[in-house]
Amino acid sequence: KRKIPWKGIFPPPPPFPNVGTLRRLHGLADCDRALEDIEKEKNNLLGFQAKKPWEVFTDRSLRWQLLTIILLNIAQQLNGINAIYFYADYVFRQCGIPMDKIPYATVGTGACECITALTCGMLIECLGRKVLIMGGYILMSICCVFFTLTLTFQGVSPVFPYLSMVCVFAFILSFGLGPGGVTNILTTELFTQTARPAAFMIAGSVNWLSFFFISMVFPFIVIGLQQYCFLVFLVVCSLVATYIFFLIPETKNKTFVEIQNEFQSSNKNKFSSSDGAGTILLSTSI
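Not measured: the values here are computed from a predicted model. (Residues numbered from 1 in each chain as written. Predicted model: local features only at pLDDT ≥ 70, side-chain atom pairs only at ≥ 80, totals over all residues. Heavy atoms only, no water.)

J.: Looking at this model, I keep getting lost on the overall build of the protein chain. Mind explaining?
T.: Within the protein chain one finds twelve helices and zero strands. Along the protein chain, helices (α) and strands (β) appear in the sequence α-α-α-α-α-α-α-α-α-α-α-α when read from the amino end. In the protein chain, which comprises 286 residues, the proportion classed as buried is 41%. As presented, the protein chain carries roughly 16,000 Å² of accessible surface, and 68% of it is formed by carbon and sulfur atoms. (Helix = DSSP H or I, 4+ residues; strand = E, 2+ residues; numbered from the N terminus. Buried < 20%, exposed > 50% of the residue type's maximum accessible area, 1.4 Å probe, protein only. Areas by Shrake-Rupley, 256 points an atom, 1.4 Å probe, with all protein chains shown as cover.)

Below is the structure:
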């Protein structure tokens, strides 16, 4: 054989998963548990190939996970947050904020987003995914109610325009701590390795289509409903919070296989399937 002069100079690539990367991500204490979860999921899915997006749509065992991520990604765009970001200047003018104060109010929206980006990562492991995302939508619903009231009575007192601005900031904080930080994590955790890439493709497509839809429709909503425009977002946030409360399990400290099994078992209890579709994945130790 022809000898390759550089062979042996470079170390061989580390086996999957890269233990050093897991240690940096999870720390020494949780590295072994994370590695065990990955290996357990890998062993349960031996012989399975990665699913295509259309295969995920036709897989009855994934229908509730798929419906969940589609609804959550639609709600992430239709809950009103992008309406505030796109038309922040217009919203603050409608609130009655003086023109010379609007740039500072717009900077405040960015500051709220930075605060949530720093705090969401610390809260998500303490409170759990379900509590954060459901609590976020509940708080956003409350903000929509108060925002509508302050817009309606903004001529009563000069304080009301500034209360409207506070409602906008509270709305952004609620979004960042809940839906903004948890939606993509749930897309990862509700699917096993074979369906996860296709699920992200579907979620991303739905997200961008919803983004385009609300950017086109919101000006007409404002023209038609005026100060009551955020009642539309109140309905969206309330319905999504109700769906999360009844149908989405808590995924904190659970493996991907356990989450998959919990979804399938709960669906069998709530909605009996005539064809018996869906296979419960084994969760035995290695």
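J.: Looking at this model, I keep getting lost on helix H3 (residues 63–78). Mind explaining?
T.: The periodicity of an α-helix, 3.6 residues per turn, causes residues three or four positions apart to be oriented the same way. End to end, H3 covers 22 Å across 16 residues, agreeing with the expected 22 Å (1.5 Å per residue, within 8%). For H3, the tally of buried residues reaches twelve of 16 residues, placing the bulk of the element in the interior. Of the positions making up H3, those classed as buried are Trp64, Gln65, Leu66, Thr68, Ile69, Ile70, Leu72, Asn73, Ala75, Gln76, Gln77 and Leu78. Within two residues after H3, glycine 80 carries a phi angle of roughly 105°, on the positive side. (Expected span 1.5 Å × (residues − 1).)

J.: What exactly am I supposed to notice about the UniProt feature "transmembrane region" (unreviewed entry) in the protein chain here?
T.: The sites that UniProt annotates as "transmembrane region" (unreviewed entry) are residues 131–153, 159–186, 198–222 and 228–248. Secondary structure content for residues 131–153 is 96% helix and 0% strand, and the end C-alpha separation is 33 Å. Overall, residues 198–222 shows 100% helix and 0% strand. The separation of its end C-alpha atoms is 36 Å. (UniProt positions renumbered as here; feature names shortened; annotations may be inferred.)

J.: Is there a simple way to explain the pattern of salt bridges in this structure?
T.: Side chains carrying opposite charge are able to pair once their charged atoms draw close together. Enumeration over the complete set of coordinates arrives at two salt bridges. Measuring nitrogen to oxygen at the nearest pair gives 3.2 Å for the salt bridge that ties lysine 51 to aspartate 59. On the basis of relative accessible area, lysine 51 is assigned to the partly exposed category, the value being 25%. Glutamate 189 is paired through a salt bridge with arginine 129; the nearest N and O atoms lie 2.8 Å apart. Within this pair, whereas glutamate 189 is found in helix H9 (residues 179–189), its partner arginine 129 is found in helix H7 (residues 129–152), the two being separated by 60 residues in sequence. (Salt bridge = Lys/Arg side-chain N within 4 Å of Asp/Glu carboxyl O.)

J.: Is there a simple way to think about the side chain of serine 61 in this case?
T.: Structurally, serine 61 is set in the loop between helix H2 (53–58) and H3. The exposure class of serine 61 is buried, given its relative accessible area of 13%.

J.: Is there a simple way to think about the nonpolar core in this case?
T.: Soluble globular proteins tend to pack their nonpolar side chains together in the buried interior. Judged by nonpolar contacts, the single largest core of 61 residues is most densely connected at Val56, Phe92, Tyr137, Phe191 and Ile244. In contact with phenylalanine 191, other than residues within four places in its own chain, are Val56, Leu62, Gln65, Leu66, Ile69, Arg196, Ala199 and Phe256. (Core = buried A, V, L, I, M, F, W, Y, C linked by side-chain atoms within 4.5 Å. Contact = heavy atoms within 4.5 Å.)

J.: Looking at this model, I keep getting lost on helix H8 (residues 160–177). Mind explaining?
T.: Counted at 1.5 Å a residue, the expected span for H8 with its 18 residues is 26 Å, and the 26 Å between its end C-alpha atoms agrees. All buried positions along H8 are accounted for by Pro161, Ser164, Met165, Cys167, Val168, Phe169, Phe171, Ile172, Ser174, Phe175 and Gly176.

J.: Sorry if this is basic, but what is going on with the packing of aromatic side chains here?
T.: Two aromatic rings, taken as a pair, are described by how far apart their centres are and by the angle between their planes. Counted according to the given criterion, the structure contains seven aromatic pairs. Relative to phenylalanine 230, the ring of phenylalanine 147 has its centre 4.8 Å away and its plane inclined at 85°; by these criteria the two rings are edge-to-face. Taken together, the positions of phenylalanine 147 in helix H7 and phenylalanine 230 in helix H11 (residues 230–247) put the pair 83 residues apart, joining distant regions of the chain. In this structure phenylalanine 147 comes out as buried when scored by relative accessible area, which is 3%. Taken together, the ring pairs in this structure connect Phe147, Phe171, Phe218, Phe230 and Phe233 into an aromatic cluster. The ring of phenylalanine 245 carries the charged tip of lysine 130 above its face, separated from the ring centre by 5.9 Å. (Phe/Tyr/Trp six-rings, centres within 6.5 Å; stacked < 30°, edge-to-face > 60°. Lys NZ or Arg CZ within 6 Å of the ring centre and 35° of its normal.)

J.: Is there a simple way to think about a nonpolar patch on the surface in this case?
T.: Where nonpolar side chains cluster on the molecular surface, the patch consists of Ile138, Leu139, Ile142, Val145, Phe146, Leu149, Phe153 and Val156 and spans about 710 Å² of accessible area. Along the polypeptide, phenylalanine 153 turns up in the loop between H7 and H8. Take phenylalanine 153: its relative accessible area is 39%, and that puts it in the partly exposed class. (Patch = residues over 30% accessible without salt bridge, like charges linked within 9 Å, V, L, I, M, F, W, Y side chains within 5 Å.)

J.: Mind showing me how you'd approach the packing of H3 against H11 here?
T.: Geometrically, a packed helix pair is captured by the angle between its two axes and the distance between the axes. With their axes 10 Å apart at the nearest point, H3 and H11 run at an angle of 155° to one another. Classified by the interaxial angle, the pair formed by H3 and H11 is roughly antiparallel. H11 is crossed by H3, and the crossing has left-handed handedness. From H3, Trp64, Leu67, Thr68, Leu71, Leu72, Ala75 and Leu78 reach across to H11, where they touch Phe233, Val236, Val240, Tyr243, Ile244 and Leu247. Residues of the contact of H3 with H11, tallied by class, amount to twelve nonpolar, one polar and no charged. (Axes fitted to C-alpha atoms, helices over the stretch in contact; angles between N-to-C directions. Parallel < 35°, antiparallel > 145°, perpendicular 65-115°, else oblique. Left-handed = near helix turned anticlockwise from the far one by under 90°. Nonpolar A, V, L, I, M, F, W, Y, C, P; charged D, E, K, R; others polar.)

J.: What is the right way to read the state of the cysteines from this model?
T.: Throughout this description, disulfide means a covalent bond between two cysteine sulfur atoms. Going through the model one piece at a time under the given rule, you end up with zero disulfides. With no disulfide partner, cysteine 167 has as its closest neighbouring cysteine sulfur the one in cysteine 143, 6.2 Å distant. By relative accessible area, which is 12% here, cysteine 167 ends up buried. (Disulfide = S-S within 2.5 Å.)

J.: When you look at the confidence of the model for the protein chain in this model, what are you seeing that I'm missing?
T.: Mean pLDDT over the protein chain: 77, with 75% of residues reaching 70 or higher. Predicted confidence is poor over residues 13–17, with pLDDT under 50, and the contacts of this stretch with residues over four places away or in other chains come to six contacts. Below pLDDT 50 for its whole length, residues 272–286 participates in 31 contacts with residues either more than four positions away or in separate chains. (pLDDT = per-residue confidence, 0-100.)

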